[in-house]
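Coordinate inspection notes
Below, each chain spelled out in residue letters.
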Protein chains: 2
Amino acid sequence: MLLRRLYSTASHSGGFQLPQTIRQLLSTSNKEIHGISVTGWIKSIRKQKNLTFAVVSDGTTADGLQAVVLKQDGTAPEVMKRLTNGTTVRLTGNLLRSPGRGQEWEFVVQEGSKGAIEILGDCDIDACSHSLKVIPALTPCSQTYPIQKKTLSTEYLRDNAYLRARTSHIAAMLRLRDNISRSLSRTFEVPPVYAVTEFSKLTIRPQKSQGFTYTHTPVITGNDCEGAGEAFRIASLPASDPDSQATPPEFFSRPAYLTVSHQLHLESLTTALSRVYTLSPCFRAERSMTGRHLAEFWMLEAEWNLVTRLESVEEICAFLENLIRSSVDLDSPDITKIWAERENGGLKSKDYKTLREAFDDAKTWRRMTYTEAIEALSSEHAKGHQKFEFEPKWGESLSSEHERWLSEVHVGGPVFVTNYPIGLKPFYMRVNEDNKTVACFDLLVPRIGELVGGSVREERLDVLTRRMLEHGLLPPTPDDGVDGAVGEEETTALNDSTYKWYADLRKYGGAPHGGFGLGFERLISWVSGIDNVKECIGMPRWTGRMIM
Amino acid sequence: MLLRRLYSTASHSGGFQLPQTIRQLLSTSNKEIHGISVTGWIKSIRKQKNLTFAVVSDGTTADGLQAVVLKQDGTAPEVMKRLTNGTTVRLTGNLLRSPGRGQEWEFVVQEGSKGAIEILGDCDIDACSHSLKVIPALTPCSQTYPIQKKTLSTEYLRDNAYLRARTSHIAAMLRLRDNISRSLSRTFEVPPVYAVTEFSKLTIRPQKSQGFTYTHTPVITGNDCEGAGEAFRIASLPASDPDSQATPPEFFSRPAYLTVSHQLHLESLTTALSRVYTLSPCFRAERSMTGRHLAEFWMLEAEWNLVTRLESVEEICAFLENLIRSSVDLDSPDITKIWAERENGGLKSKDYKTLREAFDDAKTWRRMTYTEAIEALSSEHAKGHQKFEFEPKWGESLSSEHERWLSEVHVGGPVFVTNYPIGLKPFYMRVNEDNKTVACFDLLVPRIGELVGGSVREERLDVLTRRMLEHGLLPPTPDDGVDGAVGEEETTALNDSTYKWYADLRKYGGAPHGGFGLGFERLISWVSGIDNVKECIGMPRWTGRMIM
């Protein structure tokens, strides 16, 4: 009541307000409303003798609004003919309680009333019969509106990426991305925020804040975080003289790449702001065709000064587990919609049940070391219960089949695998006292495998320098420098390196810190049940494919 | 009271919570607290005989926390020696009301107490005297901690970008980016949100929602929005055989660019979701050296189905004005801090006064057409009051001097200049009935010039096709197609074009829509008083320069 009063009295004087969306209308209304307008496009339409049923969507809800157009004297058949799948309309009528099954409300329009039906965008549903005024031959007769009601194949929708957000599951996925990024942001952000999700219900969800600053780190960089050579490179400029034999100039005076991770730059900001995160595009020029890889993807990355002991990644795991649990609402209409439409069982499937169990507050996600994981895999392999294509072996990477077995079969839920062998991980992860492993983790989840990777970062300058030499990130030195203490040659190599600034963070008051990178599309895939990350982003890019 | 109760009782069971930041501590505390810890780095330190004063910052507040270290028996001189500018420490002591001027609170530490002072990161303030254990020669003696307390030049800080977030004005700018992006997001977002900015004060700021979905559109694209040829291109892959004469392969099977704007892709999503926005990186390979251009910058772009008439951009202007007014709080400590530290007057300057007037709720921002703007400029030019380098002339672009005169002198505040000549603007802007101008605007503000550009988009397929031909965006046709109706050749050209999908949005139920793009760094520059956009982003990139 307090909130309601504040909401209705406080407003920006003269603030411009767009009309309510269908979502806002349905979530704030608890009584019938006469004489209002809604705008949306027709998802499906069924014309009968005396009335027409249409589902109208403006993309803000999972199910759209059921509209009923009643026939009257003074009808406008021309307008009615133009009402087809895909057409955008503004309807003026009454929001009434629906007598029909399947929805609480329906929107009733009198066909002949002035202004009751306004066409905002015609849809060329069949180019042969609906020729456009000026460009008769634009569409060959074989082409029609690509998004008809019938089921469309994933591949077909990828080819028609520019319109696929009109399918209910892609639209739900896009709303889910919005929804989860906002929730994540609320958990990270500085001031506490109270979110009223459905205003009419006055549900108040207090959000804890973790005191982070949201930052923008660069996409174009001279530093390759992983040192893996999978970065896209920006082309040099065309030579002004085409006959010139000179090397074409670099726009930035040195080679420039698209970042594969924002971590190194976040570490720089951590030195000043203590706790930072970003949700930003990352890029990998991998020739991968799996359902878990994209050439352009979004990554949630966080970095902060750790408050607990260094040889443990538990602080990072605990933070991350809390973050994901706080940011995902499995009961959201969009998640439910996507699972319900999923092939092979949907809301009744084992996959869905496993997912719900993962979000059961009573049980913490499992932690195990890499060594324990290898033991479990080897034992299983030896017993012959499960034959892996690749034999599990200490020192070797976990393959996808290993990761999924650990999560899906062995644990039956999310599992943090910690302390991988030093040889498997990047140069910046902190070397443990055993000198064989690093203080890191991968979070493995069912159906996906690796969802997040994170670590304590190496804060000791001498250890870091040696690791960079081993990884070939410094110019080579006469004695190769991998055999012991760091000498003068390594120092010179570091000073000449593009990673000098990164090393210098350790000299100038940088505190022990750590963080993680979460593949945003994989998170969407995990919680929504969408099997391929190409359907977890609006306009996917992968090897050989870039539409739009 | 209601909120306080809810806040204290509702919590995620077992949720991991990081310790309070200095900001959280200062904003929630209204009484003295004994025996707590704070973590931060030393901004400045003054050692006296019996006590030491240090300003400790964790980057979350504009001013840091005043710490007082009292000398005692059992002192630890070794630790005290290591307390220098830049060092990160964890202090345990008491938060007390400060008897001194300049701050409400101070943090008092007993030097000799166990665990009172813990060094988390040493700062190599002078490499000659503070040699590191293992790498004695790493830093030449001429190098010391780059961020000393004294004033540092802008150019010097650009060279030391990896540490410049430790200066108070860059840190304030980074927090301001966080703060404004969150406010923008709250105005756009779907559910209404109540932000409690300072919890102890229980200030409730109801936020209106405009019903938008936050979306992620691609950075890598085959479509060049402006058709201006200023896009960075992704390099082709190195040929597997270095002696090969074949054209090197494209990763995406076709030329790929970094996007100069997300608008075209947002238009695609508008067809399904009705109202969308993004805050994303954009890229321009311009050789510009001004204080208003970056090669990599962030742009806030919104696109929605318009609800008012098409030949007016007023809906977009009104929406935008409301958005900016709702999202900027000129009284925020960070904005105040940056203005206060600004050269040439700071909070007493004419620039600051002009800015405050722009946010006066009583006055709407001025609107004028391009034609009116040219008349005003020409009249001024003719009278000789103001000599412009470029003579103002209908049909020519407004130069920077024109834009700034209009905003700073003629209007004395922000001004929307609308309906530019068709020849000056991109192909997608809607042609007005006069056939000479387009339904667009630029928002000009003092000190900056153009802050935002926007328009109604051309929804008529035939007009759009002709404009694309004129702009050379379609393959050339035999009769060049600029002389009248669109014929079969143009249709074929469109079908072969990379813009076909964009044109098709007009065929399949796309409603009339419009939107804008706001340069995020320019917004920061305008409201904070920072003169150069290179200081309005953490790690700037421009022609010839890319550090880190």
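Look up: the structure comes first, before these words.
Residues numbered from 1 in each chain as written. Chains lettered and ligands numbered in written order. Predicted model: local features only at pLDDT ≥ 70, side-chain atom pairs only at ≥ 80, totals over all residues. Heavy atoms only, no water.

1. Topic: the side chain of A:Ser455
All names here are of chain A. Counting through the fold element by element, Ser 455 comes out in strand E17 (residues 449-456). A relative accessible area of 0% means that Ser 455 is categorised as buried. There is a polar contact of 2.8 Å between the side chain of Ser 455 and the side chain of Arg 457. With near-sequence residues (within four places) excluded, Ser 455 lies in contact with Ile 316, Tyr 428, Met 429, Ala 439, Cys 440, Phe 441, Gly 514 and Gly 515. (Helix = DSSP H or I, 4+ residues; strand = E, 2+ residues; numbered from the N terminus. Buried < 20%, exposed > 50% of the residue type's maximum accessible area, 1.4 Å probe, protein only. Polar contact = N/O pair within 3.5 Å; in protein donor to acceptor, adjacent residues only side chain to side chain. Contact = heavy atoms within 4.5 Å.)

2. Things to note about the sheet that holds strand E17 (residues 449-456) of chain B
Residues and elements named next belong to chain B. What the eight strands build is an open sheet, ordered E9-E12-E13-E18-E17-E16-E15-E14; its pairing is mixed. On the outer flanks of this sheet lie strand E9 (213-214) and strand E14 (366-369), each paired with one strand and no other. Taken strand by strand, helix H7 (residues 314-327) contacts strand E13 (296-305), E14, strand E15 (415-418), strand E16 (440-445), E17 and strand E18 (513-519), and its axis lies near 40° from that of E18. (Pairing = 2+ DSSP bridges. Axes fitted to C-alpha atoms, helices over the stretch in contact; angles between N-to-C directions.)

3. Side note on the relation of the copies chain A and chain B
Expressed as a screw transformation, the operator carrying chain A onto chain B has a rotation angle of 180° and an axial translation of 0.0 Å, and the superposed copies differ by an RMSD of 0.0 Å. What we have between these two chains is a two-fold relation. A share of 99% of interface residues in chain A that are also interface residues in chain B marks the association as one of identical surfaces. (Least-squares fit on C-alpha atoms with pLDDT ≥ 70 in both.)

4. Description of the interface of chain A and chain B
Of the residues lining the interface, 151 residues belong to chain A; the matching set on chain B comes to 150 residues. In this assembly, chain A packs against chain B so that about 13,000 Å² is buried in total across both faces, 62% of it on carbon and sulfur atoms. Counting across the chain A and chain B interface gives zero salt bridges. Scanning the region where chain A abuts chain B turns up 51 residue pairs in polar contact (both at pLDDT 80 or more). Ranked by the residues each element gives to the side of chain A that touches chain B, the list is headed by helix H5 (residues 168-188) of chain A, at nine residues. Taken together, the residues of the side of chain A that touches chain B break down into 77 nonpolar, 45 polar and 29 charged. (Buried area = accessible area lost by both parts, 1.4 Å probe. Salt bridge = Lys/Arg side-chain N within 4 Å of Asp/Glu carboxyl O. Nonpolar A, V, L, I, M, F, W, Y, C, P; charged D, E, K, R; others polar.)

5. Description of the state of the cysteines
Scanning all chains against the criterion turns up zero disulfides over all chains. For the unlinked cysteine B:Cys440, the closest cysteine sulfur is that of B:Cys317, found at 9.4 Å. (Disulfide = S-S within 2.5 Å.)

6. Let's talk about helix H13 (residues 488-496) of chain B
All names here are of chain B. Listing the buried residues of H13 in full gives Glu 490, Thr 491, Ala 493 and Leu 494. Along the long axis of H13, the arc covered by the buried residues comes to 160°, so they all point the same way. Facing away from the buried side of H13 by more than 90 degrees, the exposed set consists of Glu 488 and Asp 496. Residues of H13 that are buried sit in contact with helix H12 (461-470) and helix H14 (500-504). (Arc of directions from axis to C-beta.)

7. Observations concerning the packing of aromatic side chains
Scanning the entire structure with this criterion turns up 52 aromatic pairs over all chains. When the centroid spacing of 5.2 Å and the interplanar angle of 65° are considered together, the rings of B:Trp339 and B:Tyr352 count as edge-to-face. Within this pair, whereas B:Trp339 is found in helix H8 (residues 333-341), its partner B:Tyr352 is found in helix H9 (residues 350-358), the two being separated by 13 residues in sequence. In this structure, B:Trp339 and B:Tyr352 share a single accessibility class: buried. Where B:Tyr370 meets B:Trp394, the ring centres are 5.7 Å apart and the plane angle is 75°; that geometry is what we call edge-to-face. Here B:Tyr370, found in helix H10 (residues 370-383), pairs with B:Trp394, found in the loop between H10 and helix H11 (400-411); they are 24 residues apart in sequence, far enough to count as distant. Taking the relative accessible area as the measure of exposure, B:Trp394 reaches 39% and is therefore partly exposed. Among the aromatic residues, those joined into a ring-pair cluster are A:Phe188, A:Phe212, A:Tyr214, A:Tyr277, A:Trp304, A:Phe319 and A:Phe516. In this arrangement the basic side chain of A:Lys425 is found over the ring face of A:Tyr420, its NZ or CZ atom lying 4.4 Å from the centre. Above the ring of A:Trp542, the side-chain terminus of A:Lys534 is found at 4.9 Å from the ring centroid. (Phe/Tyr/Trp six-rings, centres within 6.5 Å; stacked < 30°, edge-to-face > 60°. Lys NZ or Arg CZ within 6 Å of the ring centre and 35° of its normal.)

8. Here's the deal with the sheet that holds strand E13 (residues 296-305) of chain A
Residue and element names in this part refer to chain A. The strand order across the open sheet formed by eight strands is E9-E12-E13-E18-E17-E16-E15-E14, and the pairing between neighbours is mixed. A single partner strand is all that each edge strand has here, and the edge strands are strand E9 (213-214) and strand E14 (366-369). Two strands pair when backbone bridges link them, and strand E15 (residues 415-418) and strand E16 (residues 440-445) are joined in this way by four bridges, in the antiparallel orientation. Note on E16: the bridge partner recorded for Thr 418 is Phe 441.

9. Comments concerning the packing of helix H5 (residues 168-188) of chain B against helix H15 (residues 520-528) of chain B
Residue and element names in this part refer to chain B. The geometry of H5 relative to H15 is characterised by a closest axis approach of 11 Å and an angle of 110° between their N-to-C directions. In terms of their interaxial angle, H5 and H15 are classed as roughly perpendicular. As for how H5 packs across H15, the hand of that crossing is right-handed. Where H5 approaches H15, its residues Met 173, Leu 176, Arg 177, Ile 180, Ser 181 and Leu 184 are matched on the opposing element by Phe 520, Glu 521, Leu 523, Ile 524, Val 527 and Ser 528. Class assignment for the residues of the contact of H5 with H15 results in eight nonpolar, two polar and two charged. (Parallel < 35°, antiparallel > 145°, perpendicular 65-115°, else oblique. Left-handed = near helix turned anticlockwise from the far one by under 90°.)

Without other data, these values stay purely geometric and don't point to any function.
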